[in-house]
Amino acid sequence: KEHVKVLVLGGGSGGIAMSARMKRKVGAENVAVVEPSEMHYYQPIWTLVGAGAKSVESSGRPTASIVPSGVRWIRSKVTEVNPDTNSVRTDCGKEITYEYLIVALGLQLHYERIKGLPEAFHHPKIGSNYSLKTVQKTWKALQEFREGNAIFSFPNSPVKCAGAPQKIMYLSDAYLRKTGKRSNATIIYNTSLPVLFGIKKYADALWEIVRARDLNVNLRHNLIEVRPEKQEAVFENLDKPGVTKVFEYEMLHVTPPMGPPDVLKGSPLADEAGWLNLNKETLQHPVYPNVFGIGDCTNLPTAKTAAAVAAQSGVLDRTISRIMKKNHPDKKYDGYTSCPLVTSYNTVILAEFDYNGQPLETFPLDQSKERRIMYHMKADLMPHLYWHGLLRGLWGGPGPYRTLMHLGMK
Ligand code: FAD
Ligand code: UQ1
């Protein structure tokens, strides 16, 4: 049995950022983080790895090197959370009690919910940027493309970085043009959603691109089966239950269904759907006042991204300070999230928006336009901001800079 003042569950983007911030607040010896993985990955770069523009090696660093020095790293999986006794249990049978708990467990990928997966990944012509194991298969399938359909799916569930399923389509289109194979290809985006993107300003710009580049978008199409021997993908029509359609593919990019982590599902901390229940402004649990959360595992009604984690980390830092001093939280999270929509090997549309679905742009220019400078930000600047800013608890999102940059502009 162990006890720690601040216990962090999960050593991903949110867990490490909060460990660093809590170290500064209460001292490293009073913070512990539970994380089973020996490696930590910067997932946003996988979009570019799948398109051959970055190496997979560049995306990972040993967990030991990013856990803040002095903070205790417990190398196991949480199997049970008991907020009524302020304790958690791990897969090595250890019980850890806490004074304050920060839940940052991320989300779970469910390839197995598609018939034929994950086994179909043993075959060529299929890949997925969402997993370390399959991201290089995307680049291989793209390079080996000869002629036929290149198909990109979007599942019928919440996802992290909702733009990523289509970014790889734009990159694939650009690659096939560059290599003179575009006229042999029919490019198809089959999405479960009723829209191309949730925010109108950016959706309008993306529809324009889709039209100009001859990309086929089918809404309300949900991938339910892959038959790798026949190179067939089966989609159901979500508006016509029971109606399915078979597509042949020469290349298939799968975005898997996603859901909350198993340990949260059915726990007293979760909502009915299994996501961590939080006050959407303070990031405090509504029933257990010493429990907090951040990132993809939460039920915060905004798009799940590292950019959102950054903004949340600043607010949560403040909320916890106030609670520790027996005050009421005073800083409010506005739902800020951002998605750099990569539209080619040198352009990005930088979507940024809040809970209301209103654009909340950092730079004083129209970010719905494709821009080279934003591509450099995504490909060359963001990784540094992640490793040296967010993970060290020094980057709380662009909010303050937005105010500065717009001074005198509006
Ligand atoms: P994670 O970083 O996933 O961390 C969760 C951690 O919890 C993991 O380390 C895991 O091992 C650990 N864990 C899980 N279960 C347990 C358990 N039982 N016990 C202990 N530990 C456990 N975001 C952007 O802002 N911009 C982008 O351009 C962007 N592009 C993306 C592209 C792709 C292909 C992908 C996959 C993601 C992208 N994201 C992007 C999203 C971003 O990576 C995530 O939103 C962010 O990492 C979420 O942080 P998190 O801490 O909530 O979860
Ligand atoms: C961001 O803060 C962030 O987390 C470090 C990302 O994840 C990689 C992003 O993609 C973006 C766009 C932001 C927001 C930052 C700026 C400067 C707009």
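Our structure is the block above this text.
Summary of the structure given here. Here the structure is a predicted model, which means the values were calculated and not measured.

## Focus on the site of ligand 2
Surrounding ligand 2, one finds Tyr-42, Pro-44, Ala-306, Ala-307, Tyr-336, Ser-338, Pro-340, Leu-350, Glu-352, Thr-362, Met-382 and Trp-395. Between an oxygen atom of ligand 2 and a side-chain N or O atom of Trp-395, the distance comes to 2.7 Å. Within the complex, 95% of the 440 Å² of free accessible area of ligand 2 lies under protein. Elements represented by at least two residues in the shell around ligand 2 include exactly α7 (306-324), β20 (337-344) and β21 (347-353). Here the shell around ligand 2 is built from residues that sort into 9 nonpolar, 2 polar and 1 charged.

## Concerning the environment of Leu-316
For Leu-316, the location among the structural elements is in helix α7. Exposure remark for Leu-316: the relative accessible area of 0% places this residue in the buried category. Spatially, the C-alpha atoms of Leu-316 and Trp-387 are 20 Å apart, while their sequence positions differ by 71 residues. Non-local contacts of Leu-316, meaning those with residues more than four positions away in its chain, are made with Met-18, Ile-102, Thr-282, Leu-283, Phe-292, Gly-293 and Ile-294.

## Some details on the side chain of Arg-21
You can see Arg-21 is positioned in helix α1 (residues 13-26). Ignoring any residue separated from it by four or fewer positions in sequence, one finds Arg-21 in contact with Ser-313, Gly-314, Asp-317, Gly-393, Leu-394, Trp-395 and Gly-396.

## A short note on the site of ligand 1
Lining the immediate environment of ligand 1, one finds 32 residues, of which Ser-13, Gly-14, Glu-35, Asp-296 and Ala-307 sit closest. The separation between an oxygen atom of ligand 1 and a polar side-chain atom of Glu-35 is 2.6 Å. Leu-105 places a main-chain nitrogen or oxygen 3.4 Å from an oxygen atom of ligand 1. Every element with two or more residues in the shell around ligand 1 is listed here: α1, α7 and β20. When residues in the shell around ligand 1 are grouped by element, the largest group, 3 residues, is from α7. Residues that form the shell around ligand 1 fall into these classes: 12 nonpolar, 13 polar and 7 charged.

## Focus on helix α6 (residues 200-212)
Here α6 is 13 residues long and its end C-alpha atoms lie 18 Å apart, about the 18 Å a rise of 1.5 Å per residue gives. Those residues of α6 that fall on the buried side of the exposure criterion are Tyr-202, Ala-203, Ala-205, Leu-206, Ile-209 and Val-210. Taken end-on, α6 shows its buried residues confined to a sector of 165°, consistent with a single buried face. Along α6, exposed side chains directed more than 90 degrees from the buried face belong to Lys-200, Arg-211 and Ala-212. In the core, the buried residues of α6 are packed alongside α5 (164-178), β13 (216-218), β20 and β21.

Definitions and limits used
- Residues numbered from 1 in each chain as written.
- Chains lettered and ligands numbered in written order.
- Predicted model: local features only at pLDDT ≥ 70, side-chain atom pairs only at ≥ 80, totals over all residues.
- Heavy atoms only, no water.
- Near = heavy atom within 4 Å.
- Polar contact = N/O pair within 3.5 Å; in protein donor to acceptor, adjacent residues only side chain to side chain.
- Areas by Shrake-Rupley, 256 points an atom, 1.4 Å probe, with all protein chains shown as cover.
- Helix = DSSP H or I, 4+ residues; strand = E, 2+ residues; numbered from the N terminus.
- Nonpolar A, V, L, I, M, F, W, Y, C, P; charged D, E, K, R; others polar.
- Buried < 20%, exposed > 50% of the residue type's maximum accessible area, 1.4 Å probe, protein only.
- Contact = heavy atoms within 4.5 Å.
- Expected span 1.5 Å × (residues − 1).
- Arc of directions from axis to C-beta.

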